[in-house]
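Here is how the chains run, residue by residue.
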Amino acid sequence: MAISKETKDFLDSLIDYYINESESYRQIADNFVPEIESVPDTAFGIITGCVYSGFLQAYQNQQQTPSLEDMREFNKIIKERAPLIKKSILEPRKFEDSKKETNDNQNITNDNS
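What this report covers is the structure whose coordinates are included nearby. (Residues numbered from 1 in each chain as written. Predicted model: local features only at pLDDT ≥ 70, side-chain atom pairs only at ≥ 80, totals over all residues. Heavy atoms only, no water.)

Within the span of helix 2 (residues 22-30), buried status applies to Ser 22, Tyr 25 and Ala 29. When helix 2 is viewed along its axis, its buried side chains cluster within an angular range of 60° and face the same direction. Contact partners of the buried residues in helix 2: helix 1 (5-20), helix 3 (39-61) and helix 4 (68-90). (Buried < 20%, exposed > 50% of the residue type's maximum accessible area, 1.4 Å probe, protein only. Helix = DSSP H or I, 4+ residues; strand = E, 2+ residues; numbered from the N terminus. Arc of directions from axis to C-beta. Contact = heavy atoms within 4.5 Å.)

Rendered as structure tokens:
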């Protein structure tokens with residue numbers, strides 16, 4: 001069994017949400033200084049934990065349990081998106097600016113179609 005398209009789309013939107021809200025999760029991690037060594041790594045862990053929880057909840061809502069293959073695919077998705085998650089934590093303003101620029105360019109391209 002592989003992750004359904006519906007669940008993949010849900011995961012993508014969930015990851016996008018946490019990327020957009022990464023500054024909030026960085027602030028949460030800041031509250032644990034000096035108990036933690038790395039605020040960005042802690043924020044990354046919180047975000048990936050939240051996405052994992054959402055992944056499990058999606059299966060539970062369907063009264064299913066993810067298989068080992070599903071877990072591997074989930075980990076692959078997180079690994080592929082990890083650089084964007086990390087960038088949003090380390091450079092939230094730059095990330096928002098580049099995201100806005102990408103959206104503006106897409107809108108211009110769509111307007112010219």
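When two helices pack together, their arrangement is given by the angle between their axes and by how far apart the axes lie. Orientation of helix 1 relative to helix 4, taken along the N-to-C sense of each, is 20°, at an axis distance of 10 Å. Relative to helix 4, helix 1 is oriented roughly parallel. Here helix 1 runs over helix 4; the crossing is right-handed. Of the residues in helix 4, those touching helix 1 at Lys 8, Leu 11, Asp 12, Ile 15, Asp 16 and Ile 19 are Glu 73, Phe 74, Ile 77, Ile 78, Arg 81, Leu 84, Ile 85 and Ser 88. Classifying every residue of the contact of helix 1 with helix 4 gives eight nonpolar, one polar and five charged. (Axes fitted to C-alpha atoms, helices over the stretch in contact; angles between N-to-C directions. Parallel < 35°, antiparallel > 145°, perpendicular 65-115°, else oblique. Left-handed = near helix turned anticlockwise from the far one by under 90°. Nonpolar A, V, L, I, M, F, W, Y, C, P; charged D, E, K, R; others polar.)

Here the focus is the side chain of Arg 81. On the secondary structure map, Arg 81 appears in helix 4. Apart from the residues within four sequence positions on either side, Arg 81 is in contact with Asp 12, Ile 15, Asp 16 and Ile 19.

Quick look at the packing of aromatic side chains now. Per the stated rule, a full pass over the model turns up six aromatic pairs. Ring geometry for Tyr 18 and Tyr 25: centres 5.4 Å apart, planes at 65°, overall edge-to-face. Exposure remark for Tyr 18: the relative accessible area of 11% places this residue in the buried category. Take Tyr 25: its relative accessible area is 14%, and that puts it in the buried class. On the numbers, 5.0 Å between centres and 65° between planes, the contact of Phe 55 with Tyr 59 is edge-to-face. Remark: Tyr 59 and Phe 55 occur in helix 3; sequence separation between them is four residues, near one turn of the helix. For the residue pair Phe 55 and Tyr 59, the accessibility class agrees, reading buried in each case. One cation-aromatic arrangement involves Lys 86 over Phe 44; the distance from NZ or CZ to the ring centre is 5.7 Å. (Phe/Tyr/Trp six-rings, centres within 6.5 Å; stacked < 30°, edge-to-face > 60°. Lys NZ or Arg CZ within 6 Å of the ring centre and 35° of its normal.)

With respect to the helices and strands, Glu 23 occurs in helix 2. Residue class for Glu 23 comes out partly exposed when judged on its relative accessible area of 33%. C-alpha separation for the pair Glu 23 and Ser 88, spaced 65 residues apart in sequence, amounts to 7.7 Å.

Before going further, it helps to examine the nonpolar core. In terms of nonpolar packing, the biggest core is built from 20 residues, with Ile 15, Ile 47, Val 51, Phe 55 and Phe 74 touching the most fellow members. Once residues lying within four places of it in the same chain are set aside, the contact partners of Ile 47 are Tyr 18, Ser 22, Tyr 25, Ile 85 and Ile 89. (Core = buried A, V, L, I, M, F, W, Y, C linked by side-chain atoms within 4.5 Å.)

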